[in-house]
Each structure stands twice: as structure tokens, then as C-alpha cells.
Amino acid sequence: MQIFDIKNKVIKTEAIPEFSYMQIGLIRTIGMLAGLPQYYYGLAIIIEVNSKQYYFLNAKYKVFDELKQLMKENNVNFEDPFVLTKMPEDLEKKYKYFETQFNTLAHTAGYPQQLNTVSGNKSKLWI
């Protein structure tokens, strides 16, 4: 895993076999769609390496299956507290699944009910 700063300089590299675990959950944010408030759901990726945790947000759900497979191939514990393995493929059904399941699953997993974010990521991650 490489972590880049805002100037695209690698500031840290961690080997996947050194990961203690990876957890992928959901974070809910609020935005506007056609002038109305709308919930958005992004993946919250937590990686622990040598007792240090890294947190990332990602809006692309296809990365879930890719990361799950990568962790399996490297014998890294993979946690799925939001049961995203049951997430429907269809975007509308996926949103409905999040809307009906999020409050219960977030509470059980200890995630916040909503996250207020600010644009402009300071670093990016490549695995």
C-alpha cells in the first residue's frame, strides 16, 4: 500500500501481508440533489498495520469485491460489519438497501449516523 501526499509524493509504503486487518463499512453524508437534501453512502475503509490505523473514504463500490479478494489472497482478516456482501448490484436497489439497513447496522458496528465532510483530500491511497 502506498500513501501519497497532495504533491503525489509517496510518503509511506506498507506491505499487504503486514496488515492486521481490513474493515470496510459505510459512511453516510448529506448533499444536495436538484436543490433537495439527499443522503450519499461511501465506503469507509479501515486498515490496521503495526497497531496503526489508516482511514479512507471511497465512493466506488466495486472496490469492495476487489479488496475483499486481495485480502483473502494475502491471508488478511477482512471485516464486513455492514454485510456489504449482500449489497445488490442495481444502483437503485443498493440505495434502498442502504436506506433500510444503515441505521441499525451503523449502530451495531459503532459507526456514526452521518459524517459531515469537507472537499479536498489531502492524500490518496494505492493498493
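Here, every reference points to the structure presented above.
Residues numbered from 1 in each chain as written. Predicted model: local features only at pLDDT ≥ 70, side-chain atom pairs only at ≥ 80, totals over all residues. Heavy atoms only, no water.

What am I meant to see in the pairing of strand β3 (residues 19–33) here?
Side-chain direction in a regular strand flips from residue to residue, so the side chains alternate between the two faces of the sheet. Within β3, eleven of the 15 residues are buried, which leaves it mostly tucked inside the rest of the structure. Sheet analysis places β3 next to strand β4 (residues 36–49), joined by 14 bridges and oriented antiparallel. When the bridges of β4 are listed, Met32 appears paired with Pro37. Between the end of β3 and the start of β4, which pair antiparallel, lie two residues, with Ala34 showing a positive phi angle near 55 degrees. (Buried < 20%, exposed > 50% of the residue type's maximum accessible area, 1.4 Å probe, protein only. Helix = DSSP H or I, 4+ residues; strand = E, 2+ residues; numbered from the N terminus. Pairing = 2+ DSSP bridges.)

Please explain the side chain of Lys94 as it appears in this structure.
Position of Lys94 among the secondary structure elements: in helix α2 (residues 91–109). Look at Lys94: it is buried, it has no salt bridge, and the nearest opposite charge is Glu89 at 5.4 Å. Every residue in contact with Lys94, bar those within four places of it in the chain, is listed here: Tyr61, Met87, Pro88 and Glu89. (Lys, Arg positive; Asp, Glu negative; His and termini not counted. Salt bridge = Lys/Arg side-chain N within 4 Å of Asp/Glu carboxyl O. Contact = heavy atoms within 4.5 Å.)

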